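Observations on chain architecture
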Amino acid sequence: MAKQYETVIGLEVHVELATKTKIFCGCSTAFGGAPNTHTCPVCTGMPGSLPVLNKQVVEYAAAIGLATNCEITQVCKFDRKNYFYPDNPQNYQISQLYLPIARNGYVEIEVGEQKKKIRIHEMHMEEDAGKLVHDEWDDTSLVDYNRSGVPLVEIVSEPDMRSADEVMAYLEKLRLIIQYLGASDCKLQEGSMRADVNLSVREVGASEFGTRTEMKNLNSFKAIARAIDGERQRQIDLIEAGRAVVQETRRWDDNKESSHAMRSKEDAQDYRYFPEPDLVPIVISDEWIAEIKARQPEFRTEKLERYNRAFDIPRYDAEIITNSKKMADIFEATTAICGKPKKVANWLMVETLRLLKERGQEPEDICFAPEHLAKLIELTEAGTINSSVAKEVFEKIFDENVDPEKYVEEKGLKIVQDDGALEEVLKKVIADNPQAVADYKGGKEKALGALVGQTMKAMKGKANPGAVNKKLREMLA
Amino acid sequence: MSIRSLTAVQLGKKIQAGEVTVREAVEASLAQIDSVESEVHSYVTICREEALKRADQVQKMIDAGELTGPLAGVPVAIKDNMCTEGVLTTCSSKILGNFVPTFTAEAVKCLEEAGAVILGKTNMDEFAMGSTTETSYYGVTKNPWNTAHVPGGSSGGSCAAVAAEECFCALGSDTGGSIRQPSAFCGVVGMKPTYGTVSRYGLIAYGSSLDQIGPVAKDVTDCAAILETIAAHDEKDSTSIGRDSYDFTSALVEDVKGMKIGIPRDYFGEGLDPEVKEAILKAVKVLEEKGAVVEEFDLSLVEYAIPAYYVIASAEASSNLSRFDGVKYGYRTAEYEGLHNMYKKSRSEGFGPEVKRRIMLGSFVLSSGYYDAYYLKALRTKALIKKAFDRAFEKYDMIIGPAAPTTAPELGKSLSDPMKMYLSDVYTVSVNLAGLPGISIPVGRDSKGLPIGMQMIGDCYQEKKLLQAAYTYEQTGSYVRPELAEAAEKGGR
Amino acid sequence: MANKISDETIEYVGILAKLELSEEEKLAARSDMERMLDYIDTLNELDTEGIEPMSHVFPVNNVFREDVVTNGDGSKDTLKNAPLQKEQCFKVPKTIG
């Protein structure tokens, strides 16, 4: 009988914090921008420059630590991690090894019906590296330091996960917690959340862990899942062939769906950590911790419960809406203005999700104002516009955040309330469609629908179909 | 008295009084540079045109009453490891041979804002690693008192320039004695302030936890005036310390009555040149006669300061100097195959032997398996050394000893045996490890006519006590600096 | 001489420090390092049991900046000293993907 194997997985998750400036200098962290525009002597490692810590980084990191049930290291320090690479301008990265900001936490995940705790070994603050772009033309690499010095936290889990599903659930859980804290937008595609996978396999029932490898360059949830499957199989094949798994760092190529070892004589992986002499220790007092705790938002589980209590919306809707902090914020803000939670949920569940999918965006990308959605709902409820016009206007709100009232006014999309105008049109429709009129009078109810349709068309949609229907019946009576 | 022989503060007064113009002062310095530089070689870069232009600007501001400080219009020199916007900054290394910073070091900025005129950048041991200024890629600096001897180091260029009157005062940096030792060798006053007193922003780092910028001056009054100008809390340097007061010139008072001076027996034992010992003890006697209470004591741990220092300084240096890689600035080798070959060739060709030696040692002591045994052991030793000083300062206002075991050695005699060179730092490095202030003042000359310096060490933030005692000694006239020309004559230049 | 530094160690440290030493320099580096380490080993005479390693001399902590953008476009200054550049980036030998 073939042997049964168990996969043992631990994750190192890097999260870019949502600060306005870099961790050690006053350069902007904004995405995009021409190469090296968001740089200064500090984040490009100029001789003589010195780092000064951004306080907000500590606040965010401590908040994440607290929200993941970690112990906060009340006297923590930065260390230098020394290695040469062009994206690392000083050839050392300022990170934390000996006294990371948070340790010994956990998050609870659910896979199917099963609940499980994934322990967090430690969490530390560090600076991100610059970007390297390969220049095909002359076979060189180009370095852009715009991302150099963007603050990161690295969350290192214990090897507590046993499947790709658990890994996904763990990442989802972290993403929700961090997004709810507002500490990061956690977009895998843009790289503001990245994960390295440490994986080993062992025979089911074995008490010792197997030799693990570290997999890097995983840019999406799908890539992570594929890499886990691929690496699991590679290690099992090695073991079955009687060969040893080598402890190494491997780079995943998602196009080829395979990985290769990142070994080089020049990468000794001996980082010579020592305390960063240019930065002083951080002392996080009980009072400071209390302040950070007091600022903690309502997390998803609590929010979901509250929605179920307070709003008459389906549980499924509440789950989808609370799965994104942004979506939940819009839901609450819009509902607070218009007082119609069901309508708001509808717009989010149907049209918003449809447009996000069409545009290839994530809920975090939503940029319209709740006021505008609330106004749109009011316009529809008041019968000022009909539902098909409303959809058209919503698309404008979604894409350009237009004020629906102004937009409807400017484009003349209001339902025509003038009975005289409607009567004129109806007279013409009746005159032009004698057969349909005859059918209706002959008892065919369906024929009335065709006449209403003709009228709406002639009115360019700006009529209330109910009103048209009523008027028609009167005129044909 | 010629202009160039004035002290900085004397010159400043004359400029304020309209007796000397800034241009005249700068021209006097440049003329002296022209006359002695070929022999002394204090400078790596001389900013002739810029200095003259700046002189006229400063003069206008003085005339308009906008600059009234003691250093307004005073020509100064800057050690070449401090960044100066638009002016070559080499650290006396080939690897920064073409490096032009885009910003100015905070301490230099303070001087500029006070109206000082920068004459140029002074020679030093490459990346401040050395005790003789012989490891410079740009040639050795010679001791103005006897050009067959070294000026000391690593701030040898700054100290030689002040001694040779090629400027009125200068900035140096001190990681293990790099201001105090060359000041002693060149017969000038040099001070390393308490760690954190002068901003390190813009100082190209050697050992970040030890580095401190300080004044090199003709006398104690100048030293206090410069310190007062450059000391300030700087938000750009996280290790900068906000102090209660910065009025160092108020310490220029002739009074040491009741001041308690500790003389560490361990500083006067084996290895100390008898002439140096005699001169220092004589100077201590002068202070005693002025009312100071002098007592011998055992400081302890003196022999462990050097090994601890070389572990910490080399480890930090190995990391600080890793940024010089041919990617962003400085030297890149002409031919290379691939990234790592480019790194290795650029660095191996760009750094001199002493720098490579310390980078190798520093990388080794931090490497896997050795960190605890070497680096942590050194940090624990540092803690013990700090404690030994704390104990001493419970009893004494200051500690007095030599700045170096001998007077300036002959050129070419030190580098052949690096270990021996390291050992000569015995009286200075512990002050850096403990973050304390120290001053070196001239107290005599040996039989060869070479200056002897006395080091006074204070508790942290006690610069004013040091300045007061040093000033009191100076005012007694026990040692008068001879005219340079006369001394050089005697030294057989 | 208690410390013996092997050729492999010199080679290894060279990789860490990105220094390529000539044969002559390697020999010198070995003996220099052996002598320095012997000397550094005198620290072992000291009992440092229970002594906290001191990285910062003064008890200063919590030095922060506020999260406010203070820097504008720094690309010109950043690239001013670049040995080689292209398209506003530093140009380096190809890095392995």
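Along each chain, residues carry numbers from 1 onward, in the same order as the chain's sequence is written. Key to labels: chains lettered from A, ligands numbered from 1, both in the order written. Residue-level local features of this predicted model are given only where pLDDT is at least 70; pairs of side-chain atoms are given and counted only at 80 or more, and the full residue set underlies all totals for whole chains, interfaces and linings.

Where an unreviewed UniProt entry is consulted, chain C appears under the name Aspartyl/glutamyl-tRNA(Asn/Gln) amidotransferase subunit C, with the organism given as Dorea ammoniilytica. UniProt positions are given in the numbering used here, feature names are shortened, and annotations may be inferred rather than shown by experiment. Under the UniProt heading Sequence similarities (unreviewed entry), the note attached to chain C is "Belongs to the GatC family." Note on chain C: under the UniProt heading Subunit (unreviewed entry), the record states "Heterotrimer of A, B and C subunits."

Helix and strand assignments come from DSSP, with helices taken as H or I runs of at least 4 residues and strands as E runs of at least 2, each series counted from the N terminus. Helix and strand counts for chain C stand at three helices and three strands. Scaling as 2.2 N^0.38, a compact globule of 97 residues should have a C-alpha radius of gyration of about 13 Å, whereas chain C reaches 23 Å, well beyond that. Projecting the C-alpha coordinates of chain C onto the three principal axes gives extents of approximately 55 × 45 × 25 Å. Residues with at least 20 neighbouring C-beta atoms inside 10 Å of their own are called buried, those with 12 or fewer are called exposed, and the rest are partly exposed, where every C-beta is derived from the backbone. Counting every position in chain C, which comprises 97 residues, the buried fraction comes to 26%. The globule rule used for comparison is 2.2 Å times the number of residues to the exponent 0.38, while the radius of gyration itself is calculated over C-alpha atoms.

Turning next to the overall build of chain B. A tally of helices and strands in chain B yields 16 helices and eleven strands. Taking 2.2 N^0.38 as the reference for a compact globule, 493 residues should give roughly 23 Å; the C-alpha atoms of chain B span a radius of gyration of 21 Å, in line with that estimate. Based on the C-alpha atoms only, the size of chain B along its principal axes is roughly 65 × 55 × 50 Å. Scored against the burial criterion, the 493 residues of chain B give a buried share of 67%.

Turning next to the sheet that holds strand β16 (residues 274-275) of chain A. By definition, the strands of a sheet pair up through backbone hydrogen bonds, in either a parallel or an antiparallel sense. Residues and elements named next belong to chain A. Spatially, the three strands line up as an open sheet ordered β6-β5-β16, and their pairing is antiparallel. Among the strands making up the open sheet, the edge pair consists of β6 (92-95) and β16. The sheet contact formed by strand β5 (residues 79-82) and β16 spans two bridges and is antiparallel. The residue of β16 that forms the bridge with R80 is F274. Following DSSP output, two strands are said to pair if at least two bridges run between them.

Right, let's get into the interface of chain B and chain C. Of the residues lining the interface, 53 residues belong to chain B; the matching set on chain C comes to 36 residues. For the side of chain B that touches chain C, the secondary structure elements donating two or more residues are α9 (302-320), α10 (339-350), α11 (353-366), α12 (371-395) and α13 (418-423) of chain B. The leading source of residues in the side of chain B that touches chain C is α12 of chain B, at eleven residues. Polar here means any residue outside two lists: the nonpolar Ala, Val, Leu, Ile, Met, Phe, Trp, Tyr, Cys and Pro, and the charged Asp, Glu, Lys and Arg; Gly therefore counts as polar. Residues belonging to the side of chain B that touches chain C are distributed by class as follows: 28 nonpolar, 13 polar and twelve charged. Residue pairs qualify as contacts under a 7 Å threshold applied to their C-beta atoms, which are placed from the backbone.

So, on to the interface of chain C and chain A. Note on interface size: it is often stated as the accessible area lost on association of the parts. Contacts between the two partners involve 33 residues from chain C, matched on the other side by 41 residues from chain A. Those elements that provide at least two residues to the side of chain C that touches chain A are α1 (7-17), β1 (64-65), α3 (75-79) and β3 (89-93) of chain C. The biggest single contributor to the side of chain C that touches chain A is β3 of chain C, with five residues. Among the residues making up the side of chain C that touches chain A, the classes are represented as 13 nonpolar, eleven polar and nine charged. As paired strands, strand β2 (residues 53-54) of chain A and β1 of chain C are joined by two bridges and run parallel to one another.

Turning next to the nonpolar core. When buried Ala, Val, Leu, Ile, Met, Phe, Trp, Tyr and Cys residues are joined through C-beta atoms within 7 Å, the set is termed a nonpolar core. Grouped together as the largest cluster of nonpolar side chains are 182 residues, with contacts concentrated most on V76, V117 and C169 of chain B. It is α9 of chain B that contributes the most residues to this core, twelve residues altogether. Residue contacts for V117 of chain B: discarding those within four places in its chain leaves V22, V26, A51, R54, A55, V58, G73, V74, P75 and V76 of chain B. Of all hydrophobic cores here, the second largest spans 77 residues; its members include V143, I178, V197 and L199 of chain A.

Residue and element names in this part refer to chain B. In this structure, S154 follows G153 across a cis peptide bond, with omega equal to 10°. Topologically, S154 is positioned in the loop between β3 (117-122) and α5 (156-163). Phi angles above zero are rare outside glycine, and C91 is one such case at about 55°. Mapping C91 onto the fold places it in the loop between β2 (75-79) and α4 (106-113). A positive phi angle, close to 65°, is found at T133, a residue other than glycine. Summarising the element assignment, T133 is placed in the loop between β3 and α5. Its 34 C-beta neighbours within 10 Å are what place T133 among the buried residues.

This brings us to α5 of chain B. All names here are of chain B. When you tally the buried positions in α5, you get eight out of eight residues, the bulk of the element. All of the buried residues along α5 are G156, G157, S158, C159, A160, A161, V162 and A163. Where α5 ends, the next residue or the one after it, E165, has phi of about 60°, a positive value.

This part takes up helix α15 (residues 463-475) of chain B. All names here are of chain B. Expected helix span is taken as 1.5 Å per residue step, with the number of steps being one fewer than the number of residues. An ideal rise of 1.5 Å per residue puts 18 Å on 13 residues; α15 measures up with 18 Å between its terminal C-alpha atoms. Judged by how many residues are buried, α15 sits mostly within the fold: eleven of 13 residues are covered. Turning to α15, its buried residues are E463, K464, L466, L467, Q468, A469, A470, Y471, T472, Y473 and E474.

Our next topic: the sheet that holds strand β8 (residues 114-127) of chain A. Residue and element names in this part refer to chain A. The mixed open sheet is built from nine strands, whose spatial order is β3-β7-β8-β11-β1-β12-β13-β14-β15. Each edge of the sheet is formed by a strand with only one pairing partner; in this case those strands are β3 (71-72) and β15 (258-261). Across two bridges, the pairing between β3 and strand β7 (residues 102-111) is antiparallel. For E71, the partnering residue across the bridge sits in β7 and is R103.

Here the focus is the packing of α9 of chain B against helix α2 (residues 23-40) of chain C. Helix axes are fitted to C-alpha atoms over the stretch in contact, other axes to C-alpha atoms as well, and angles between N-to-C directions run from 0 to 180 degrees. Interaxial distance between α9 of chain B and α2 of chain C falls to 9 Å at its minimum, and their mutual angle equals 125°. Taken together, the axis directions place α9 of chain B and α2 of chain C in an arrangement best described as oblique. Crossing of α9 of chain B over α2 of chain C shows left-handed handedness. Taken together, the residues of α2 of chain C that come into contact with α9 of chain B (itself represented by P307, Y310 and V311 of chain B) are M36, Y39 and I40 of chain C. Residues belonging to the contact of α9 of chain B with α2 of chain C are distributed by class as follows: six nonpolar, no polar and no charged. Note on terminology: angles under 35 degrees are roughly parallel, angles over 145 are roughly antiparallel, angles of 65 to 115 are roughly perpendicular, and the others are oblique. If you view the pair so one helix is near and one far, a crossing is left-handed when the near helix is turned anticlockwise from the far one by less than a right angle, and right-handed when it is turned clockwise.

With that out of the way, let us pick up the confidence of the model for chain C. Per-residue confidence from the prediction method is given by pLDDT, with values spanning 0 to 100. Looking at chain C as a whole, its pLDDT mean stands at 93, while 97% of the residues score no less than 70. This prediction of the complex comes with two scores: 0.91 for pTM and 0.96 for ipTM.

Looking now at the packing of helix α9 (residues 370-381) of chain A against helix α10 (residues 387-400) of chain A. Residue and element names in this part refer to chain A. With their axes 10 Å apart at the nearest point, α9 and α10 run at an angle of 170° to one another. Accordingly, the angle class assigned to the pair α9 and α10 is roughly antiparallel. From α9, H372, L373, L376 and T380 reach across to α10, where they touch S387, A390, V393, F394 and I397.

Attention shifts here to the environment of N219 of chain A. Residues and elements named next belong to chain A. Tracing the backbone shows N219 in the loop between β13 (213-216) and α3 (221-240). Sequence spacing of N219 and V402 is 183 residues, and the spatial spacing of their C-alpha atoms is 34 Å. When residues no more than four places from it in sequence are discounted, the contact partners of N219 are L188 and D254.

On to the pairing of strand β11 (residues 151-157) of chain A, then. Residue and element names in this part refer to chain A. Burial analysis of β11 places five of its seven residues in the buried class, which makes it a mostly covered element. For β8 and β11, the ladder comprises seven bridges, and the chain directions are antiparallel. By the bridge assignment, E127 is partnered in β11 with P151.

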